[in-house]
Amino acid sequence: MKAAPFRYHAPSTVAEAVDLLTEHGDEAKVLAGGQSLVPIMALRLGRYGHLVDLNRVDGLRGVEAANGHVRVGAMTTQSAVEHDPMIADRVPLVAAAAPHIGHFQIRNRGTVGGSIAHADPAAELPAVAMALDAVMEVGGPEGAREVRAADFFTSMWTTSLADNEILTAVRFPVRSELQGFAVSEVARRHGDFALVGTACAVSVDGGGVVTDAAIALFGVGPTPVRAASAEEALVGTGPDADLGEIGRLALSGVDPNDDVHASGDYRRRAGAAIVARALGTARDEARGGRS
Ligand SMILES: Cc1cc2nc3c(=O)[nH]c(=O)nc-3n(C[C@H](O)[C@H](O)[C@H](O)COP(=O)(O)OP(=O)(O)OC[C@H]3O[C@@H](n4cnc5c(N)ncnc54)[C@H](O)[C@@H]3O)c2cc1C
């Protein structure tokens, strides 16, 4: 099937793109890598009279470090962050998540901003943004504003972006010395969306005791979520912590759906196991310090 007819716009600045979105209202849609939007349009699950392509907009691509953060332009491709040495060194959770996104052909076109703005509940990068308390930079008719990840994902495929706003960049905090990270997920095949997944960050003190933990879950509800009670339970523990119990606690606060791919009960049990595994990996990395 082919997409319904649309008019194509290629602005060169954020302001021009915002003006086009404002002019055409809910008839208009931003086009980034097209890896979600184009299939949606081709299958006629969505019809948009105007596509506003961000690919020629200045300043939306690239990775830079400043003030304790790494700033990733929204139009930076997923494969660019997957292979960027600065990302690997300073925001390793992003590097760990990227290979789980589809296949390399998809990551060559798909963008970081597109993944986060699309807000698929089973996607990796929104969960990474939640785990790291990333900050979203947004451009709109009133200028720029910032939104914390916790306030960004509002429901399934929905964010706090207004129809005429654009995600321009995402700021991720730089890792600290005694911190470790892991992404773990269960998918039917590598490259498929996760049935359930987790992105974890663990900080320890010099004695190996956990001082801070972030456990973000995906594929278990309409948005990525933090497992706050499990995070609290992990803080203050040493190497003998029962991670299986922490994993079960993490999944006890969510109510995953049954669907054709898996039951909610399967997602809860598999989720508990992968949280335990990811926390073990992250904690070991944190205890080992930086290589
Ligand atoms: C076979 C297949 C497997 C996939 N597997 C996975 C997977 O395992 N994990 C995963 O996370 N993703 C997966 N994806 C989706 C892929 O990562 C997409 O690239 C991503 O969801 C959207 O990014 P995009 O840049 O392609 O955005 P587009 O498809 O261009 O846009 C997606 C949506 O976001 C909006 N949007 C895009 N950029 C912005 C912006 N800067 N500001 C405001 N709104 C914006 C668009 O208007 C649209 O609504 C898969 C896709 C395919 C086709």
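Residues numbered from 1 in each chain as written. Predicted model: local features only at pLDDT ≥ 70, side-chain atom pairs only at ≥ 80, totals over all residues. Heavy atoms only, no water.

(A) The arrangement of the sheet that holds strand β10 (residues 166–173) in detail. Reading across from one edge, β4-β5-β10-β6-β7 is the order of the 5 strands in this open sheet, with antiparallel pairing throughout. For this open sheet the edge positions go to β4 (63–66) and β7 (143–148), each flanked by a neighbour on one side alone. On average, each strand axis in the sheet is tilted by 25° relative to the strand beside it, whichever way the strands run. Strand direction decides the pairing type here: strand β5 (residues 69–73) and β10, joined by 5 bridges, are antiparallel. Counterpart to R71 in the pairing with β10 is R171. Its contacts with the sheet place helix α1 (residues 14–24) against β6 (135–140) and β10, and it is angled at close to 130° to β10. (Pairing = 2+ DSSP bridges. Helix = DSSP H or I, 4+ residues; strand = E, 2+ residues; numbered from the N terminus. Axes fitted to C-alpha atoms, helices over the stretch in contact; angles between N-to-C directions. Contact = heavy atoms within 4.5 Å.)

(B) Quick peek at the pattern of salt bridges. Across all of its chains, the model carries 15 salt bridges by this definition. E285 serves as the salt-bridge partner of R175, at 3.4 Å between the closest nitrogen and oxygen. One end of the pair, R175, is in the loop between β10 and β11 (179–186); the other, E285, is in helix α12 (residues 264–288), and 110 residues separate them in sequence. Note on E285: relative accessible area 27%, which makes it partly exposed. (Salt bridge = Lys/Arg side-chain N within 4 Å of Asp/Glu carboxyl O. Buried < 20%, exposed > 50% of the residue type's maximum accessible area, 1.4 Å probe, protein only.)

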